[in-house]
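Examining the three-dimensional arrangement
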Amino acid sequence: RPWYQLYGTAYITCLPDGIWSGPKPTCQETGCRFNLKASSGGPLTSPGYPIGYWNNADCEWLITVPAGRTIRLTFDSFETESHHDVMTIYNGANDSASQFRRFTGNLGSENPIGSTSNVMFLRFTSDYDVTYQGFQFSYTSIEARQCWYPPVPHNGIIDKGSFFTA
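Residue positions are given per chain, counting from 1 as you read along its sequence in written order. With pLDDT at 70 or above as the cut-off, local features in this predicted model cover only qualifying residues; side-chain atom pairs require 80 or more to be listed or tallied, and sums for whole chains, interfaces and linings still use all residues. Note: side-chain values were computed over all heavy atoms of the structure, leaving out hydrogens and water.

**As for the nonpolar core**
Residues enter a nonpolar core if they are buried and are Ala, Val, Leu, Ile, Met, Phe, Trp, Tyr or Cys, with the set joined through side-chain atoms within 4.5 Å. Relative accessibility thresholds used throughout: buried, under 20% of the residue-type maximum; exposed, over 50%; partly exposed, between the two (1.4 Å probe, protein chains only). Within the largest apolar cluster, 25 residues are counted, with the highest numbers of intra-cluster contacts made by L73, F75 and M87. Every helix listed is a DSSP run of H or I at least four residues long, and every strand listed is a run of E at least two residues long, numbered separately from the N terminus. Of all the secondary structure elements, the ones that give two or more residues to this core are strand 5 (58-64), strand 6 (69-79), strand 7 (86-90), strand 10 (119-125) and strand 11 (134-143). The biggest single contributor to this core is strand 6, with 4 residues.

Next up, the structure:
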């Protein structure tokens, strides 16, 4: 099931003379390909989230931030069919770049995910059968070589001095 976008107005009426009150709207397939060029974005989701993504999905997100910056990707939610429905993250502009991370099932403590350049490519594929809720993520750009807080350990907190405690 590809995604579609409505072009034209969704509100036209049939006039007494038998013609429409405006041009007929059309639905055009957008596929599942996204080219993101803002310094930050989100939330972004798998198709159908949170009801569930479709079978045989093949979705791509290309994230490009300004030169001299890197990408910090954060998943708010991630649930796919283990070993069959996969999110692969590449450290570059396409799937020919080096594979950076690969997620399936439930996302563990891999948040946030940082790139080493200003470009990151994500591909999500699902098989022909079982589907789950999917995922939601956002991203922001940071100056290259800028540090950020690592994720808080399970059952842990960050105290006021920025130290982790359990």
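More follows now that the structure is in view.
**Digging into the environment of S77**
Residue position: S77 is located in strand 6. For S77 and F135, which are 58 residues apart along the polypeptide, the C-alpha to C-alpha distance reads 5.1 Å. Counting of polar contacts relies on pairs of N or O atoms within 3.5 Å, with two restrictions inside protein: one atom must be capable of donating a hydrogen and the other of accepting it, and residues adjacent in sequence are counted only when both atoms are side-chain atoms. Within the structure, the side chain of S77 is placed 3.4 Å from the side chain of Y49, a separation counted as a polar contact.

**As for the state of the cysteines**
The disulfide criterion is simple: two cysteine sulfur atoms within 2.5 Å. Going through the model one piece at a time under the given rule, you end up with 1 disulfide. With its sulfur 1.9 Å from that of its partner, C32 forms a disulfide with C59. Because the torsion about its S-S bond is 90 degrees, the bridge between C32 and C59 counts as right-handed. Here C59 lies in strand 5 and C32 lies in the loop between strand 2 (26-31) and strand 3 (33-36), a separation of 27 residues in the sequence. Neither residue differs from the other here; C32 and C59 are each classed as buried.

**Some details on the side chain of N111**
By the secondary structure assignment, N111 is in the loop between strand 8 (99-104) and strand 9 (113-114). For N111, a relative accessible area of 15% puts it in the buried group.

**A look at the sheet that holds strand 10**
The 5 strands are arranged 3-5-10-7-8 in an open sheet whose pairing can be described as mixed. What marks the edges here is a single partner per strand, and that holds for strand 3 and strand 8. In this sheet, neighbouring strand axes are inclined to one another by 10 degrees on average, regardless of whether the strands run parallel or antiparallel. At least two DSSP bridges between two strands are needed for those strands to be called paired. The pairing of strand 5 with strand 10 spans 7 bridges and is antiparallel. Across the sheet, the residue bridging to E60 is R123, located in strand 10. What counts as an axis is a line fitted to C-alpha atoms, over the stretch in contact for a helix, and the angles between N-to-C directions run from 0 to 180 degrees.

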